[in-house]
Amino acid sequence: MQKKLVSAGVLVSLILLIAIVLTTNWIQGSLFIIGLLLGAALLYARFGFTSAFRRLLSVGNTQGLQAHMLMFAVSTTLFAIILSTGFSFTGLSPKGYVSPVGVPVLFGAFLFGIGMQLGNGCASGTLYNLGGGSSSMILTLFAFIIGSTLGAYHFTFWMEQTPTLPPISLAESTGLGYFGAWLLQMVVFAVIYWITVQFAKKKNPPTMKPLPTTTGWKKVIRGSWPLFAAGIVLAILNALTLTVRGTPWGITSAFALWGGKTLMALGVDVSQWGFFSGASGASLKNSVLADSTSVMNFGIILGAFISASFQGTFKPKKIKPGVAGAAVIGGLFMGYGSRLAFGCNIGAYFGGISSFSLHGWVWMVMAMLGTLLAIYIRPLFGLKNPSSKDSFC
């Protein structure tokens, strides 16, 4: 255990929590705490979206995608209850992420799929790996912010000048209702899980590399968590987020906000951009601590940092030139793609499917296709892909 780093992480988290509560309210403080827990769950299990897609398409390893299906089964069940009853801890009416399906989602998710494989991390992966000590994620995050800001600048064009269908909810747009939509998605999750089992038997892929761990109850804070356990925890925390702030967990809207605020400080009036209309425009004038997504992002980074310090794995390394180049390009692609696709692997994929939005399923397919292309691009930057001859992937 890196005790000094643990102490520093806890101290910074307490100071930030107090600042958040004093600046805003306990709702924001609660979301920061949820962010800490999300960062811990992601780090302890190295819960990946990027790696899950890459392992599946390169060698047929299905462990990651199977964990996704369990996570979705839990989150979909909880979301169905919350959205159908209007349950809330704060009085804010819960509303899922249901977004339009069209060219922006198709292109944005495809671009994001390429970007996350080059950047070696998705939106959640960028944050928790940064907190966990991955040096290249500094570049990925910086480029992510730039790409997201550029996507916000072009947002009106993509929304108004390209073919797009209205938002489609499997629960509310089909007549199925929340129970019918829940049942439909549970069947789909089960079918996908069964297919992955059969696929893995045929491919006989290398298994995921064991993570640093220990024994007994020490595993909770010093060891590693099973993927399935982390998936359940993430699903519960996402549902909790929905009941606290009224919307599911998201990440990348904060990146556009950070970029927008930076440009405003430099004299650029971004309030005229279509993306920053309404509530997003109001966020430009308020403290960043008043933005719930930003607060949760800070929590994820610190939660991962504290967890890595507990494990003794926080050890930043030098960044190789090829990795640096891929990180920048990947970050730009993810940032731009996330604005077009109404979110990332969290807001569009995790939050979208959990909210019964068709765009979440479309995002999954297109991000998979982007990943498939990126597998052939990664070696150009010196990035390795899993091989069927590996002992672990």
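See the structure shown above.
Residues numbered from 1 in each chain as written. Predicted model: local features only at pLDDT ≥ 70, side-chain atom pairs only at ≥ 80, totals over all residues. Heavy atoms only, no water.

Draft legend 1. Local environment of the packing of aromatic side chains. For the structure shown, the criterion picks out 26 aromatic pairs. Ring geometry for Phe53 against Tyr349: centres 5.8 Å apart, planes inclined by 70 degrees, an arrangement best described as edge-to-face. Of this pair, Phe53 sits in helix H3 (residues 50–59) while Tyr349 sits in helix H16 (residues 345–354), placing them 296 residues apart in sequence. Grouping residues by exposure puts Phe53 and Tyr349 together as buried. Here the aromatic rings of Trp249 and Phe350 are separated by 6.1 Å at their centres, their planes lie at 80 degrees, and the arrangement is edge-to-face. Here the residue Trp249 occupies a position in the loop between helix H11 (227–245) and helix H12 (253–265), and Phe350 occupies one in helix H16, the gap between them amounting to 101 residues. Its relative accessible area of 0% is what places Phe350 among the buried residues. (Phe/Tyr/Trp six-rings, centres within 6.5 Å; stacked < 30°, edge-to-face > 60°. Helix = DSSP H or I, 4+ residues; strand = E, 2+ residues; numbered from the N terminus. Buried < 20%, exposed > 50% of the residue type's maximum accessible area, 1.4 Å probe, protein only.)

Draft legend 2. Quick peek at helix H14 (residues 292–311). In this model, H14 (20 residues) spans 28 Å end to end at C-alpha, consistent with the 28 Å of a helix rising 1.5 Å per residue. Counting buried positions along H14 gives 18 out of 20 residues, so the element sits mostly inside the fold. Trailing H14 by a residue or two, Gly312 shows a phi angle of about 80 degrees, which is positive. (Expected span 1.5 Å × (residues − 1).)

Draft legend 3. Quick peek at a nonpolar patch on the surface. A contiguous nonpolar patch, built from Phe179, Leu183, Val187, Val191, Trp194 and Ile195 and spanning about 620 Å² of accessible area, is present on the exposed surface. Looking at the element boundaries, Leu183 is found in helix H9 (residues 177–203). (Patch = residues over 30% accessible without salt bridge, like charges linked within 9 Å, V, L, I, M, F, W, Y side chains within 5 Å. Areas by Shrake-Rupley, 256 points an atom, 1.4 Å probe, with all protein chains shown as cover. Salt bridge = Lys/Arg side-chain N within 4 Å of Asp/Glu carboxyl O.)

Draft legend 4. Seen up close, the environment of Thr162. On the secondary structure map, Thr162 appears in the loop between helix H8 (155–161) and strand E2 (164–167). Among residues more than four places away in sequence, those in contact with Thr162 are Val103, Pro104 and Phe157. Engagement of the side chain of Thr162 in a polar contact is seen with the backbone oxygen of Trp158, the distance being 2.3 Å. (Contact = heavy atoms within 4.5 Å. Polar contact = N/O pair within 3.5 Å; in protein donor to acceptor, adjacent residues only side chain to side chain.)

Function cannot be read off these values alone, since they describe shape.
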